Each structure stands twice: as C-alpha cells, then as structure tokens.
Amino acid sequence: MGKESKPRKASMMIMRTGSNRLNMSSDDLGGLGLDFNNTSQNKVADEIDETLRKEEKIRVSGNACAHGLLRDVLDISSTLEEGAAAIVDDSFTRCFNKASLGNWNFNAYLLPFWVLGVLLRYFVLFPLRLAWLLASFVVLNILFALSRLIMPKGALKLRVERKLVQLIAVCWVASWSAVIICHGPKPTPSKGRVWVSNHTSMIDWIVLSQVTPFAAVMQKHPGWLGLVQTFIMDGFGCIYFNRKSAKDRDKVARTIKEYVKNDGSFPLLIFPEGTCVNNQYSTMFKKGAFDLDCAVCPIAVKYNKIFVDAFWSSRQQSFTMHLFELMTSWAVVADVYFLEPQYRREGETSIEFASRVQAMIARKARLKVVPWNGMLKYFKPSPKLCEQKREIFGSAIKKRLKEDKDFPREAVETREGKT
Ligand SMILES: O=P(O)(O)OC[C@H](O)CO
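- By the naming in an unreviewed UniProt entry, the chain goes by Glycerol-3-phosphate acyltransferase and is assigned to Chloropicon roscoffensis.
- Listed in UniProt under the heading Pathway (unreviewed entry), the comment for the chain reads: "Lipid metabolism."
- The chain has a UniProt comment under Subcellular location (unreviewed entry) that states "Membrane".

**Re the pairing of strand β3 (residues 215-219)**
Item 1. In terms of residue burial, β3 counts as a mostly covered element, since five of its five residues are buried.
Item 2. Here β3 shows a buried face lined by A215, V217 and Q219 and a second buried face lined by A216 and M218.
Item 3. Pairing analysis gives two bridges linking β3 to strand β5 (residues 268-270), with the strands arranged parallel. The residue of β5 that forms the bridge with A216 is L269.

**Thoughts on helix α9 (residues 223-231)**
Item 1. Considered for burial, the residues of α9 that qualify are L225, G226, V228 and Q229. The arc that holds every buried residue of α9, seen down its axis, measures 160°, which confines them to one face. The exposed set on the far side of α9, more than 90 degrees from its buried face, consists of G223, L227 and F231.
Item 2. Residues of α9 that are buried sit in contact with α6 (111-150), β3, β4 (239-241) and α11 (319-327).

**Overview of the pattern of salt bridges**
Charged atoms that come close allow side chains of opposite charge to pair.
Item 1. By the definition in use, this model includes six salt bridges.
Item 2. Where E258 meets K261, a salt bridge forms, and the shortest distance between an N and an O atom there is 3.4 Å. Of this pair, E258 and K261 both sit in helix α10 (residues 246-261), three residues apart, roughly one helical turn.
Item 3. A salt bridge links K305 to D309; the shortest N-O distance between them is 3.8 Å. Per residue, the accessibility class of K305 equals that of D309, and both read buried.

**Notes on α6**
Item 1. With 40 residues, α6 extends 55 Å from end C-alpha to end C-alpha; this agrees with the ideal 58 Å at 1.5 Å per step.
Item 2. In α6, a bend of some 35° at L125 exceeds every other bend along the element, and P127, a proline, comes one to four places later.
Item 3. Here α6 has its buried residues at G117, V118, R121, F126, R129, L133, S136, F137, L140, N141, F144 and S147.
Item 4. Where α6 is buried, its residues contact α7 (155-174), α9 and α11.

**Focus on the UniProt feature "transmembrane region" (unreviewed entry) in the chain**
Item 1. In this structure's numbering, the residues bearing the UniProt feature "transmembrane region" (unreviewed entry) are residues 106-124, 130-151, 163-181 and 223-241.
Item 2. Secondary structure content for residues 163-181 is 63% helix and 16% strand, while the C-alpha to C-alpha distance between its ends is 20 Å.

**Focus on the sheet that holds strand β8 (residues 333-338)**
Item 1. Pairing is mixed in the open sheet, where seven strands are placed in the order β1-β8-β7-β2-β5-β3-β4. Of all the strands in the sheet, just β1 (179-183) and β4 have a single pairing partner and so form its edges. Averaged over all neighbouring strand pairs, the angle between strand axes comes to 25°, with direction disregarded.

**Let's talk about the environment of D293**
Item 1. Inspection of the secondary structure puts D293 in the loop between β6 (281-282) and β7 (295-304).
Item 2. Sequence spacing of D293 and R344 is 51 residues, and the spatial spacing of their C-alpha atoms is 7.6 Å.

**Concerning the confidence of the model for the chain**
Item 1. Residue-level pLDDT values for the chain average 80, and 72% of them are 70 or greater.
Item 2. Confidence drops under pLDDT 50 across residues 1-41; counting only partners more than four residues distant or on other chains, this segment forms 39 contacts.
Item 3. Taken together, the chains of this predicted complex give a pTM of 0.70 and an interface ipTM of 0.90.

**Here's the deal with the packing of α6 against α7**
Item 1. Where α6 contacts α7, the two axes come as close as 10 Å, and the packing angle between them is 170°. Viewed along their axes, α6 and α7 adopt a mutual orientation that is roughly antiparallel. From α6, W132, L133, S136, F137, L140, N141, L143, F144, S147 and R148 reach across to α7, where they touch K157, V160, E161, L164, V165, L167, I168, C171, W172 and A174.
Item 2. Class assignment for the residues of the contact of α6 with α7 results in 14 nonpolar, three polar and three charged.

**Concerning the site of the ligand**
Item 1. Close to the ligand lie H199, M202, Q219, H221, R243, T275, C276, W312, S314, K377 and Y378, which account for all nearby residues.
Item 2. Between H199 and the ligand, the recorded distance is 2.7 Å, taken from a side-chain N or O atom to an oxygen atom.
Item 3. A distance of 2.4 Å separates an oxygen atom of the ligand from a polar side-chain atom of T275.
Item 4. Across the shell around the ligand, the residue classes break down as four nonpolar, five polar and two charged.

Definitions and limits used
Residues numbered from 1 in each chain as written. Predicted model: local features only at pLDDT ≥ 70, side-chain atom pairs only at ≥ 80, totals over all residues. Heavy atoms only, no water. UniProt positions renumbered as here; feature names shortened; annotations may be inferred. Buried < 20%, exposed > 50% of the residue type's maximum accessible area, 1.4 Å probe, protein only. Helix = DSSP H or I, 4+ residues; strand = E, 2+ residues; numbered from the N terminus. Pairing = 2+ DSSP bridges. Arc of directions from axis to C-beta. Contact = heavy atoms within 4.5 Å. Salt bridge = Lys/Arg side-chain N within 4 Å of Asp/Glu carboxyl O. Expected span 1.5 Å × (residues − 1). Bend = angle between axes of the 7 residues up to and from the residue. Axes fitted to C-alpha atoms, helices over the stretch in contact; angles between N-to-C directions. pLDDT = per-residue confidence, 0-100. Parallel < 35°, antiparallel > 145°, perpendicular 65-115°, else oblique. Nonpolar A, V, L, I, M, F, W, Y, C, P; charged D, E, K, R; others polar. Near = heavy atom within 4 Å. Polar contact = N/O pair within 3.5 Å; in protein donor to acceptor, adjacent residues only side chain to side chain.

Here you go:
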C-alpha cells in the first residue's frame, strides 16, 4: 500500500514540474530522491507516464475546446459582424448625424469678418431671399392654378405646367443662392421609366425639379408643407404615403405601377431609401422602384458642406427651420449626376437590382453603403425579428459544436441543454 501510494505522489509532483514531464526516466525519479528498485522504478515510471498521458490528453482536449469555441465564434461571423459593427461603429446612427462645421474662423483676424458675415446673411440676405421666395411662389402658383383651370387639356397645357413647376423650383433654389452643377444628360420624360435618387432632404426634389420637373413619391407632411403637397404638388401627379400605414404602402405601390405604365405627364422620382440620410451614407434601397419592369434612371446628388449641411434631420428640426438654415447660409452647393438608365438583368432579383443601382449612386456621390433599413429610424426591430436572430445564432453554435470531433460529447450535450 505504501509503495503504491508513493508513485502517485511522485506523479503528482512531476505533473507540476513543467513541460518535460513525459520524458522523465527512472533516473530522474532517483534524482527526485525516490528510492525504488529497477522493477519498481519501471512500474512507477509506466504509471507516471500513463497518468501524464491522460493529463496531456485532457490538456489537449481542453485546448481543442478553447480553439473550437473560438472557431465557433468566428464561424458565426455574419451575426457577430453585425453585432460588433453596431457596437463599435454604430453606422446606423452615423447615417443621421448632421455635420458640425466647427468654429475654424474664431480667431482675431477672421472673427470681425465672420460677425459681419452673420449680420449680412441674417439681416440683409435672408429678408431679401424670403421676400423673393414668397413673391415668386405666390405669383407662380396662381399662374399654375389658372393654367389648370383655364387651359384645355393637351400638349400646350402640359408644357406650360411643366415650365411653371420648373420655375417654382428655380425660385426656391435661388432663395438659397444655390450653385447646382449638373453632370450627364438632362432627364427627358418618357413612358416606362422611373428616376431614383439618394435622399438628403425634401429640397432634393426642388434641386432636381429646377432641371426637369418631377412628380415625386413622398411622405405626407402636416402643416404648411402638407398644404403645399395637397393643393399644389398633387396637381402634377405627386404620390403620397404615410410610412406608418401598411395599407397605404400597398396602395402607393399600385399607384406607382399604374403611373409608370401610363404616359405620366411628369417623370416620376422615387427616393428608395424612404428617409433622409446625411449624404455621407446610403441606407438600404427598398425594392419597390426596382420591381416595376421598367427602366430605372439613377441620379446621384452630392451636397458640398462648405457653407451649410443640406441634410434635413426631421426629428430635430422642422422643415421651416431647415429652410431658414439654408436661407441664412451663403449658398447651397451641390453636384447632380444623371446616370445611364439601368434594366433588370436576366435572373437578377429586384433586391439585387436595387443594390446594383444603389452601388452606382453611392460611388458617384461618394457615399458609404450600409445594410441598415432607414425605417429603423421610426420602428424598433420587432420581437419576432430579434427571436429570428437568436435562432440563427443558436443554430450556428449548435451546428458547429456537433461537427467538432474534438469537443467533448458531454460539453456539447450540456451546451445543447442550455441553448
Ligand atoms: O427624414 P424623414 O424620414 O423624416 O423624411 C423626410 C421626408 O419625408 C423625406 O422626403
């Protein structure tokens, strides 16, 4: 009994001595001060080797578990990437941040000029611009209403209406002293085409309509903007939706389909992001505009933030305040790129088509494409969506553990029990 107990002690001691433990001979045991005869020493050494082998196996299996675990974590990389991206980068919130222009001119040389500039912009330019905007808006809208009431239906009426809408847009753009540089062929209205653009503000419609007057698909707003939509924009075919009503969405989808099939009087402009993004990012393009079996003409709008950020953050600022900001800045500067019409390719889904067009626009307007649905601005992800994500995550882990031969069976079962 005494002899049997000694090797165990010896093996325990050796196991704690370090990495050469499996190479220890009976001489080494002697060196450890253990006095055994050769047979006993061999027996003890075998026993120790066996114990050490078992210990090594446990260690290796432990490492395998750790490595396997790491691999599991890496193998669910898409889920992990989404989570990590949301935590580290929070690219969704970034899509809706307004640029801060910073106080670069707060120094002794420039401050007097800046103060002078503020006085000029707020107390000279703004009143002039406002007077110009109101006067031209009233006059042109009266003319537009008259043309609708008096003129007989036909090509001339349509031409006059288009011209008046274009002039209204020109007057708005002038009220911000806007400098809009257009690239590419000017859009010409034709049957079976829709135009899609990235979206930064309601002013996108104005910026584009001063080139070619568009009918736009847009959210119905309250207040004076709602009145303009109802009494003016309605007159040339704009289509409205309430993003909170699913019924409305179906109705709008049907109306768009009809509009595109018919020879609509004004070309139709759709903002597939469905919400204003800060002109640095591009959120998911919804497939509606790409499901119409017609040519899609991409437009990329890039605002230069040199004087003012044209992004309308509607949750922080009313449209009136947004316009005030634009009208009290020196100028709104933008580049507009009219790109080649695109057609859905053989075998391409509407989602793939939407992504392809989005990539074209993002490249031209130097926007970073993010996978987020812009509507998350308004809606929290549903519990169902969260549960689906959990299920995907859980199945990926379970699958990986089952495939892993090195992973101890009991651990898999324990984990399965827990997931
Ligand atoms: O930025 P949102 O989502 O408030 O959208 C504002 C306008 O409706 C976009 O046309």
